[in-house]
Amino acid sequence: MRVSPERGRQQAAHSAVGALTLFVALVGSARAQDPWSGEVALGASLFFGNTNAYNLTTSAAVARADSVAEVSASGRVTYGQATNSAGRAFVLRRSWQMRLGADLRPVARVSPF
């Protein structure tokens, strides 16, 4: 499946904006409460040489911990595209990762986490 360079950039931008919007919504509502924490990261890698390539990565996480429970959620989106010697663009990397976690007895003497 061939992906045009413009479409690839649009997909990467949409993924990054979606993840950032979700993070801002979650952290914005959580900032007034002390047990909440969150983070966001954006990254890019550019490669030049025989072929040109780039990778875009964005991730976000939010967590809440108190004496009753610890819960967390995080997500990561990565997109990469390269150009071969003929000038054709192809997808180098595309991945989505979501993670949810919960510990309902965080102060217990023995915990599986």
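Residues numbered from 1 in each chain as written. Predicted model: local features only at pLDDT ≥ 70, side-chain atom pairs only at ≥ 80, totals over all residues. Heavy atoms only, no water.

**Q** I keep staring at the overall build of the chain and nothing clicks. Help me out?
**A** Within the chain, the secondary structure is distributed over one helix and four strands. The order of α-helices and β-strands along the chain, N terminus first, is α-β-β-β-β. In the chain, buried positions account for 21% of the 113 residues. For the chain, contacts bridging at least 24 residues in sequence account for 47% of all contacts bridging at least 6. Surface accessibility of the chain: about 8300 Å² in total, with carbon and sulfur atoms responsible for 56%. (Helix = DSSP H or I, 4+ residues; strand = E, 2+ residues; numbered from the N terminus. Buried < 20%, exposed > 50% of the residue type's maximum accessible area, 1.4 Å probe, protein only. Contact = heavy atoms within 4.5 Å. Areas by Shrake-Rupley, 256 points an atom, 1.4 Å probe, with all protein chains shown as cover.)

**Q** Please clarify how the sheet that holds strand E1 (residues 36-47) should be interpreted in this entry.
**A** The antiparallel open sheet is built from four strands, whose spatial order is E1-E2-E3-E4. Only two strands of the sheet have a single neighbouring strand rather than two, namely E1 and strand E4 (89-103). Adjacent strand axes in the sheet meet at a mean angle of 5 degrees, parallel and antiparallel pairs treated alike. (Pairing = 2+ DSSP bridges. Axes fitted to C-alpha atoms, helices over the stretch in contact; angles between N-to-C directions.)

**Q** Help me understand the environment of Asp103, please; the structure alone is not making it clear to me.
**A** As for its position among the elements, Asp103 is in strand E4. Asp103 sits 31 residues away from Ser72 along the chain, and the two C-alpha atoms are 9.2 Å apart.

**Q** How should the confidence of the model for the chain be read in this particular structure?
**A** Of all residues in the chain, 67% attain a pLDDT of 70 or more, and the chain-wide mean is 81. The secondary structure element of the chain with the lowest average pLDDT is helix H1 (residues 5-30), at 62, and the one with the highest is strand E3 (residues 70-83), at 94. (pLDDT = per-residue confidence, 0-100.)

**Q** Which parts of the structure should I look at to understand the pairing of strand E2 (residues 52-65)?
**A** For a regular strand, side-chain orientation follows a simple rule: the groups alternate between the two sheet faces. In this structure, E1 lies alongside E2, joined through 12 bridges in antiparallel fashion. Its bridge partner lying in E2, Ala41 is registered against Ser59. Counting the residues between successive antiparallel strands, the hairpin from E1 to E2 contains four residues. As paired elements, E2 and E3 share 14 bridges and run antiparallel to each other. Bridged to Thr57 within E3 is Thr78. Counted along the chain from E2 to the antiparallel partner E3, the turn is four residues long.

**Q** Teacher, can you tell me more about the side chain of Thr78 here?
**A** Within the secondary structure layout, Thr78 lies in strand E3. We classify Thr78 as buried; its relative accessible area is 5%.

**Q** Would you mind showing me how to read the pattern of salt bridges here?
**A** Two side chains bearing opposite charge may form a pair once their charged atoms approach each other closely. Applying the stated criterion to the full structure yields one salt bridge. For the salt bridge of Asp66 with Arg64, the shortest nitrogen-to-oxygen distance reads 2.6 Å. Under the relative-accessibility criterion, Arg64 is labelled partly exposed at 27%. (Salt bridge = Lys/Arg side-chain N within 4 Å of Asp/Glu carboxyl O.)

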